Every structure is written in structure tokens, then in C-alpha cells.
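Listed below, chain by chain, are the residues.
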Amino acid sequence: MLAHVMSNQVVVASPNAPTLAFRVRNFARMNPLEFHNLKVDEDPQEFIDDVYKVVAIFGQTSKEKAKLVAYQLKGVAHVWYSQWKSKRVDEGPIGWEDFKLAFLDRFLRLELREERMREFIYLKKGNMSISEYTLKFTKLSNYAPSLVSDPHA
């Protein structure tokens, strides 16, 4: 009789525990960048920075952040992710830092990183306004983190 009573019970999810579908829907509503690796002007670092801003406000775990960001990979980039993920079976769930490092290693060529670091090192104000210079300095500093001190440290 207890088995009969138990089989008629409905398990109700906590209203405070959003489902994966709910999180994905909310994430998509924030309109984060997609990454295809098909366009010349697609910047892998800009993609990582943009999608991280979105997942960071959701307060997700490292693993959830990686899953949500992987959702934004399309085409060739998604194929890469699927292959990379299948090779990592023995390494456990994918966290944000693992994903970010693998993604940038794959899509942000070393030559491009070095070029942008040189651009940062030799950046001069020239004819730029202070605002333009500051913006360019900040953007290029992503490619030379070891050369920039942390003002909050």
C-alpha cells in the first residue's frame, strides 16, 4: 500500500531553483555574442569578455558558466567544442577557466596575441582623443595582463 501511495506522489521542484531551460532562456534574453569562427572580424577575446559579463551576473557556478557560454558557440566553433569535450571524458566536468583557456588557445592565434601585445606596448596617443586612447589602452591591455598592474591589489 505504501508503494501505491508513493507512486501517486508528484515531485515539485522548488520555485527558487531555476531549471536549466530557465537559465538558458534568461541567458539568451541578455543577447550575448555568438561565436562562429567564420568571420574575419570575430574577436575571440571580445567574445569571452562579453559572455562572461552576462554569466557573471547570474551567479552561476564555474561549470554552469562554461555550459551557458558553450551554448553560444555556433558552426565550426561548436564542432570544436564537441570534439574537445569528448576528449576530456576522464577529466571531469568543464569549469569556466578550463573552457576559457582551451577556447582562447584554439581561436586566438599566438601571432594575433603577440601582435596585440606589441600594439599595446607601442601604443601612442597621437591624434586620438583622451577617451579614444583610454578605450584602446584598456582593450589592448587584455592581451598583456602581465604588463598591467591591478589597481585593486
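Residues numbered from 1 in each chain as written. Predicted model: local features only at pLDDT ≥ 70, side-chain atom pairs only at ≥ 80, totals over all residues. Heavy atoms only, no water.

So, about the nonpolar core. Most often, soluble globular proteins keep nonpolar side chains buried together rather than apart. In this structure, Phe47, Leu73, Trp80, Tyr81, Phe99 and Phe103 are the most contacted members of the largest nonpolar core, which totals 31 residues. Mapped by element, the contributors of at least two residues to this core are helix 2 (20-29), helix 3 (44-57), helix 4 (62-70), helix 5 (75-87), helix 6 (96-107) and helix 7 (110-121). Per-element tally for this core: the top contributor is helix 6, with six residues. (Core = buried A, V, L, I, M, F, W, Y, C linked by side-chain atoms within 4.5 Å. Buried < 20%, exposed > 50% of the residue type's maximum accessible area, 1.4 Å probe, protein only. Helix = DSSP H or I, 4+ residues; strand = E, 2+ residues; numbered from the N terminus.)

Scanning the model with the defined rule gives seven salt bridges in all. Here Asp43 and Arg116 are joined by a salt bridge, their closest N and O atoms 3.3 Å apart. One end of the pair, Asp43, is in the loop between helix 2 and helix 3; the other, Arg116, is in helix 7, and 73 residues separate them in sequence. For the pair formed by Asp43 and Arg116, the shared burial category is buried. Between Arg113 and Asp105 there is a salt bridge, with the nearest N and O atoms lying 3.4 Å from each other. With relative accessibility at 26%, the residue Arg113 sits in the partly exposed group. Given a relative accessible area of 56%, Asp105 falls into the exposed group. Each of Arg88, Glu91 and Asp98 takes part in salt bridges that share partners, so that together they form one network. (Salt bridge = Lys/Arg side-chain N within 4 Å of Asp/Glu carboxyl O.)

Bringing the packing of aromatic side chains into the picture now. Summed over the entire model, instances satisfying the criterion amount to 16 aromatic pairs. For the pair Trp80 and Phe107, a centre-to-centre distance of 5.2 Å together with 80° between the ring planes defines the contact as edge-to-face. Of this pair, Trp80 sits in helix 5 while Phe107 sits in helix 6, and the two are 27 residues apart along the sequence. Given a relative accessible area of 12%, Trp80 falls into the buried group. Residues Phe103 and Phe107 carry aromatic rings whose centres are separated by 5.0 Å and whose planes lie at 45° to one another, so their mutual orientation is tilted. Here the residue Phe103 and the residue Phe107 both occupy positions in helix 6, the gap between them amounting to four residues, near one helical turn. Positioned above the aromatic ring of Tyr71 is the side chain of Lys74, whose terminal nitrogen or guanidinium carbon lies 4.8 Å from the ring centre. (Phe/Tyr/Trp six-rings, centres within 6.5 Å; stacked < 30°, edge-to-face > 60°. Lys NZ or Arg CZ within 6 Å of the ring centre and 35° of its normal.)

Attention now moves to the packing of helix 4 against helix 6. Interhelical geometry of helix 4 versus helix 6 gives an angle of 40° and a closest axis separation of 7 Å. It follows from the interaxial angle that helix 4 and helix 6 lie oblique. Contact residues: Ser62, Lys65, Ala66, Val69 and Ala70 in helix 4; Trp96, Glu97 and Phe99 in helix 6. When grouped by side-chain class, the residues that make up the contact of helix 4 with helix 6 number five nonpolar, one polar and two charged. (Axes fitted to C-alpha atoms, helices over the stretch in contact; angles between N-to-C directions. Parallel < 35°, antiparallel > 145°, perpendicular 65-115°, else oblique. Contact = heavy atoms within 4.5 Å. Nonpolar A, V, L, I, M, F, W, Y, C, P; charged D, E, K, R; others polar.)

Shape is all these values report; function is a separate question.
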